[in-house]
Amino acid sequence: MKRVLTGNFAAAYGASAARVHVIAAYPITPQTTIVEILSEIVANGELKADFVKVESEHSAISACIGAQAAGARTFTATSAQGLALMHEMLHWAARGRLPIVMTNVNRAMAPGWSIWADVTDSVAQRDTGWMQVYCENNQEVFDTILMSYKVSENKDVLLPTLINLDAFFLSHTSQVVDMYNQETIDQFLPEYHPEIKLDVENPRSFGALTSPEYYYEFSYKMHQSQEKAKSVIKQVGNEFKQLFGKKYDLIETYKCDDADLIMVDYGTIAGTAKESVDRMRQKGLKVGNLKIRYLRPFPKENIRKVLSNTKAVGVIDRAISFGQEGPFFTELKSAMYGLDIPLFGFIAGLGGRDVSIMNIESMVAYMQNNDPKDLIWIGVKK
Amino acid sequence: MKKNKKPKKVIIEKASEMPPMPASLGSMRVNKTASWRSIKPIINIEKCTSCMICWKYCPEPAILPTNPPEIDYDFCKGCGICIVECPFDAIGSEKEGK
């Protein structure tokens, strides 16, 4: 069934289609309608789930952690300051190996008070152990929720997933979303039955004092799972394609095969960049686009493979790591270590400023006429 | 809880044998925690009236509710609360390792 949905509605219907058992969320702009629509779906009986009303984001994720540990499939959603308030519990969820799925509507951190798109909020949670996906359109939001439960719940992975969508560009923009047939979705995503859970018949303690004798190995195993997730994501993506016809992987390439120059980006900017690629190709410029879907696990092998034959690479970051450069640029640079390819790091669209086709064309022009540079600000009013 | 299940000591030597999350594999009953006791309480059976006040006060609980009560030296940490609380001065002590 196809419907016209905003990104937030796609997220809410995605969680509903995944048949989550427990939802605990606290409303925050621009995520609010995700929580609103889910509370309606639960209240009118469309989804048999417990909707837990909480007084903060810290409590929202804590309620999900408890429910997930007891064997429930859980969902929550937040944005910016709300995600920051969850920070402590994000570590708890990941190190507790609880496959929670959460959508984060990327919003700029205050002050200045902002409700517009910027990925600093989610990038700041990079090292909590969560897998992180960045979505380009509303269909991808819906699909990624279904795939993420399957990846997260895989017994070789057992890690939570943070699904990111840009504020307003997706959260409040309507697009056509195919919601498929619920029977096929149920076939793709069966019920959740964890091997280890809180169980009065078989009592255990969870997250208790862990001596240096064991803590190191728990961290080692968590990293192994992040690495294993790369192949699980690919495998789940293939299975998804067979049932629903859309293909997803760790990265998405667009006209990269013969490209002299490749732009690397994520989220909604990727859509604009692909349109720019088409226009520049009409003018005879061999440009391609690489969209990064996963920040964690970071697909460095895939990226290195695609970019190893190109002549220049430009990364567009909708975030700045103060005192360094764009955060995705840092990641990409480490993936490209040892290759002699000029790299350019662009900062654009902070705090929801539009990133236009003209902006992207100006980046490409810069790359053609200048030496490589780690930090190039696009559109600063100087 | 299955009450008759006998706990057994589990030692894990390889990461591959560990559970994915820091969750216990068995009961704390196998993990004997009295090694750092420096004062050992001893019940004088002649003075003891089995009032069980020591059993009520023991925070561990390492006093077994038998008649007369017995101290479980696998878990007693030697805090001395039972010595102080016994109304009949029936619990004495000696230094550990003597």
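This structure is a prediction, so every number in the text was calculated from the model and none was measured. (Residues numbered from 1 in each chain as written. Chains lettered and ligands numbered in written order. Predicted model: local features only at pLDDT ≥ 70, side-chain atom pairs only at ≥ 80, totals over all residues. Heavy atoms only, no water.)

Residue and element names in this part refer to chain A. Under the defined criterion, the tally for this structure stands at 14 aromatic pairs over all chains. Taking the centre distance of 6.1 Å and the plane angle of 90 degrees together, the rings of F344 and Y366 count as edge-to-face. Remark: Y366 occurs in helix α12 (residues 357-369) and F344 occurs in strand β14 (residues 343-347); sequence separation between them is 22 residues. According to the relative accessible area criterion, F344 is buried, its value standing at 1%. In textbook terms, an aromatic cluster arises when at least three aromatic residues are bridged by ring pairs, as seen for F142, Y180, F188, F240, F244 and Y248. Its end group placed over the ring of Y149, R73 keeps NZ or CZ at 5.5 Å from the ring centre. A cation over a ring is seen here: R107 above W113, with NZ or CZ 4.9 Å from the ring centre. (Phe/Tyr/Trp six-rings, centres within 6.5 Å; stacked < 30°, edge-to-face > 60°. Helix = DSSP H or I, 4+ residues; strand = E, 2+ residues; numbered from the N terminus. Buried < 20%, exposed > 50% of the residue type's maximum accessible area, 1.4 Å probe, protein only. Lys NZ or Arg CZ within 6 Å of the ring centre and 35° of its normal.)

Below, the discussion takes up the interface of chain B and chain A. Facing 14 residues of chain B, the contacting portion of chain A comprises 20 residues. Regarding the contact of chain B and chain A, the summed buried area is about 1,600 Å², with carbon and sulfur atoms giving 61% of it. Between the two partners, chain B and chain A, sit 0 salt bridges. Counting across the chain B and chain A interface gives 4 residue pairs in polar contact (both at pLDDT 80 or more). Considering only residue class, the side of chain B that touches chain A consists of 10 nonpolar, 2 polar and 2 charged. (Contact = heavy atoms within 4.5 Å. Buried area = accessible area lost by both parts, 1.4 Å probe. Salt bridge = Lys/Arg side-chain N within 4 Å of Asp/Glu carboxyl O. Polar contact = N/O pair within 3.5 Å; in protein donor to acceptor, adjacent residues only side chain to side chain. Nonpolar A, V, L, I, M, F, W, Y, C, P; charged D, E, K, R; others polar.)

Residue and element names in this part refer to chain A. Parsing chain A into structural domains produces domain 1 (2-244) and domain 2 (251-377). Computed from C-alpha coordinates alone, the two centres of domain 1 and domain 2 are separated by 27 Å. Residue-level contacts link 28 residues of domain 1 with 28 residues of domain 2. Summed over both sides, the interface between domain 1 and domain 2 buries roughly 2,200 Å², with carbon and sulfur atoms accounting for 56% of that surface. Considering only the side of domain 1, the residues that lose the most area to domain 2 are Y134, E136 and K230, jointly responsible for 27% of the buried surface there. At the junction of domain 1 with domain 2, the criterion picks out 6 salt bridges. R126 is the partner of E331 in a salt bridge, and the nearest nitrogen-oxygen pair spans 3.3 Å. Elements with a contribution of two residues or more to the side of domain 1 that touches domain 2: α5 (120-123), β6 (131-134), α6 (138-153) and α8 (212-244). The dominant element in the side of domain 1 that touches domain 2, judged by the number of residues it contributes, is α8, at 5 residues. Class assignment for the residues of the side of domain 1 that touches domain 2 results in 15 nonpolar, 5 polar and 8 charged. (Domains from an automatic or database assignment.)

Tracing the backbone shows N104 of chain A in strand β5 (residues 101-106). Setting aside chain neighbours within four positions, we find N104 of chain A in contact with T78, S79, A80, L83, D121, S122, L162, I163, N164 and L165 of chain A.

Residue and element names in this part refer to chain A. One open sheet holds the 7 strands; their spatial order is β3-β2-β4-β5-β7-β6-β12, and the pairing between them is mixed. The open sheet is flanked by β3 (50-53) and β12 (294-296), the only strands paired with a single partner. Adjacent strand axes in the sheet meet at a mean angle of 20 degrees when their direction is disregarded. (Pairing = 2+ DSSP bridges. Axes fitted to C-alpha atoms, helices over the stretch in contact; angles between N-to-C directions.)

Moving on, we get to helix α3 (residues 57-69) of chain A. For an α-helix, the turn length of 3.6 residues means that residues three or four places apart are oriented alike. Residue and element names in this part refer to chain A. With 13 residues, α3 extends 18 Å between its outermost C-alpha atoms, agreeing within 8% with the 18 Å of an ideal straight helix rising 1.5 Å per residue. Inspection of α3 places E57, S59, A60, I61, C64, I65, A67, Q68 and A69 among the buried residues, and these make up the whole buried set. On its buried face, α3 is in contact with β2 (22-25), β4 (74-79) and α4 (80-95). The distance from a side-chain oxygen at the start of α3 to the backbone nitrogen of H58 is 3.3 Å, and the residue carrying that oxygen is S56. Of the residues one or two after α3, G71 is the one with positive phi, at around 105 degrees. (Expected span 1.5 Å × (residues − 1).)

Let us now look at unusual backbone geometry. Across the junction of P111 of chain A and G112 of chain A, the peptide omega takes the value -5 degrees, indicating a cis bond. Position of G112 of chain A among the secondary structure elements: in the loop between β5 and α5. N67 of chain B connects to P68 of chain B through a cis peptide bond whose omega is -5 degrees. Looking at the secondary structure, you find P68 of chain B in the loop between β2 (63-64) and β3 (70-71). With a phi close to 45 degrees, L158 of chain A is a non-glycine residue in the positive phi region. When you line up the elements, L158 of chain A lands in the loop between α6 and β7 (161-166).

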